[in-house]
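Commentary on secondary and tertiary structure
Now for the letters of each chain:
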Amino acid sequence: MSYETIICEKAGGILTITLNRPDKLNAFTDMMLDELTEAFQQVDADATVRVVVLTGAGRGFCPGQDLASAVERGAGNGQFSYSDHLRTHYNPLILGMRGLSKPIIAAVNGVAAGAGMSLALACDYRIAAESATFIQAFVKVGLVPDSGSTWMLPRLIGMAHALDMMLSGRKVSAAEAFEMGLVNAVVPNEQLMETARKLAQEFANAPTRTIGYIKRAVEFAADSKLEAALNKEAELQDKAASTADHSEGIAAFLEKRPAQFRGQ
Ligand code: LHQ
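Residues numbered from 1 in each chain as written. Predicted model: local features only at pLDDT ≥ 70, side-chain atom pairs only at ≥ 80, totals over all residues. Heavy atoms only, no water.

1. Re the overall build of the chain
Note the threshold: Runs of E in the DSSP output that reach at least two residues are strands. Runs of H or I that reach at least four are helices, and both are numbered from the N terminus. For every residue, the accessible area (1.4 Å probe, protein chains only) is compared with the maximum for its type, and the residue is labelled buried under 20%, exposed over 50%, or partly exposed between those bounds. Whether two residues are in contact is decided by their heavy atoms, any of which lying within 4.5 Å being enough. Surface accessibility in these figures is a Shrake-Rupley result with a 1.4 Å probe; residues are shielded only by whichever protein chains are displayed. Neither His nor the chain ends contribute to the count of charged residues, in which Lys and Arg are positive and Asp and Glu negative. The location of each charge is read from NZ of Lys, CZ of Arg, CG of Asp or CD of Glu.
In terms of regular secondary structure, the chain is built from 11 helices and 10 strands. Overall size of the chain, expressed as C-alpha extent along the three principal axes, is 65 × 40 × 35 Å. The buried share of the chain, reckoned over its 264 residues, is 47%. Sequence-distant contacts, at least 24 apart, represent 69% of the contacts inside the chain between residues at least 6 apart. Carbon together with sulfur atoms contributes 55% to the accessible area of the chain, which is approximately 13100 Å² in total. For the chain, the separation between the mean place of its 25 positive charges and that of its 30 negative charges on side chains is 2 Å.

Next comes the structure, spelled out in structure tokens:
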């Protein structure tokens, strides 16, 4: 499948998706949002893809909505329905990513601002280049954080840090983001993609279906009472236990050899 605003490259079970509007630091247009949503739908349906790496072309990761394109359509003067725009183009993307049964690694190569930061938050891992920055830029243009930031950010870094970022709109460095628990690792710029691909390779050799169940259990637990979460774990454990990879994992342990998971 070829797209105009993103590049998808598949190799050895890893799909790398690159946001590709480098002149605008990869700001979101409707087309980019819709192409991304479709690309993630394809990932869910393609058994040969076992992990996704998401990054940006050029010096930015994503600075959120392309404000110029929103203004052309009446944003800022009451002519533009923000809620329709979010419900039509952003929310399906974020829900598709959070519901994806395969891990998503964000390789954050530069600034992630506004809904571009929400995009990074919707991934399961964030590896940041040393020069990457994170900005809850919404307040700087008089907007409420959207695309899942209000749901994901406090869960990731706690209410105090999340509100600080959201209310101030200040720029947070990769080093500070790591201290807050916003990113899993910070690496020298030139090692970003190599580090992301190494991690992705581990997931490409992992029990993929079980990873999908783990994601589902954690997502469910985030909004549940303990008893409901325990029940969900039990339900999903039956599913995981019926995979070939579970049998292989047990056999490999007893035979004292590395497991050869096939994602089935
Ligand atoms: C951009 C953008 C951008 C267009 C850089 N748009 N061109 C949801 C629903 C509906 C509508 C509204 O929004 C939302 C959610 C949101 O995402 S709201 C938050 C939107 N994002 C922002 O407010 C961030 C705006 N950008 C910035 O503050 C700066 O560009 C940052 C801090 C990201 C980067 O600064 P610099 O490194 O100094 O780069 P730059 O500002 O020179 O940008 C480079 C180019 O990219 C430049 O274009 P040009 O043609 O002049 O070279 C910028 O205009 C363009 N660009 N962000 N969001």
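2. Examining helix α5 (residues 149-157)
Listed in full, the buried residues belonging to α5 are Ser149, Met152, Leu153, Pro154 and Ile157. Tucked into the core, α5 has its buried residues touching α3 (82-98), α4 (115-121), α6 (159-168) and α7 (174-180).

3. Remarks on the pattern of salt bridges
For clarity, the threshold we go by: When a carboxyl oxygen of Asp or Glu is within 4 Å of a side-chain nitrogen of Lys or Arg, the pair counts as a salt bridge.
Tallied over the full model, the rule gives 12 salt bridges. The salt bridge involving Arg98 is made with Asp124; its shortest N-O contact spans 3.8 Å. Separated by 26 residues along the polypeptide, Arg98 in helix α3 and Asp124 in the loop between α4 and β7 (125-129) bring together distant segments of the chain. A relative accessible area of 23% places Asp124 in the partly exposed class. Taking the shortest distance from any N to any O, the salt bridge between Arg98 and Glu219 comes out at 2.8 Å. Here Glu219 lies in helix α9 (residues 208-221) and Arg98 lies in helix α3, a separation of 121 residues in the sequence. Bridged by salt links that share partners, the residues Arg98, Asp124, Lys215 and Glu219 form one connected network.

Any link to function would need more than the numbers given here.
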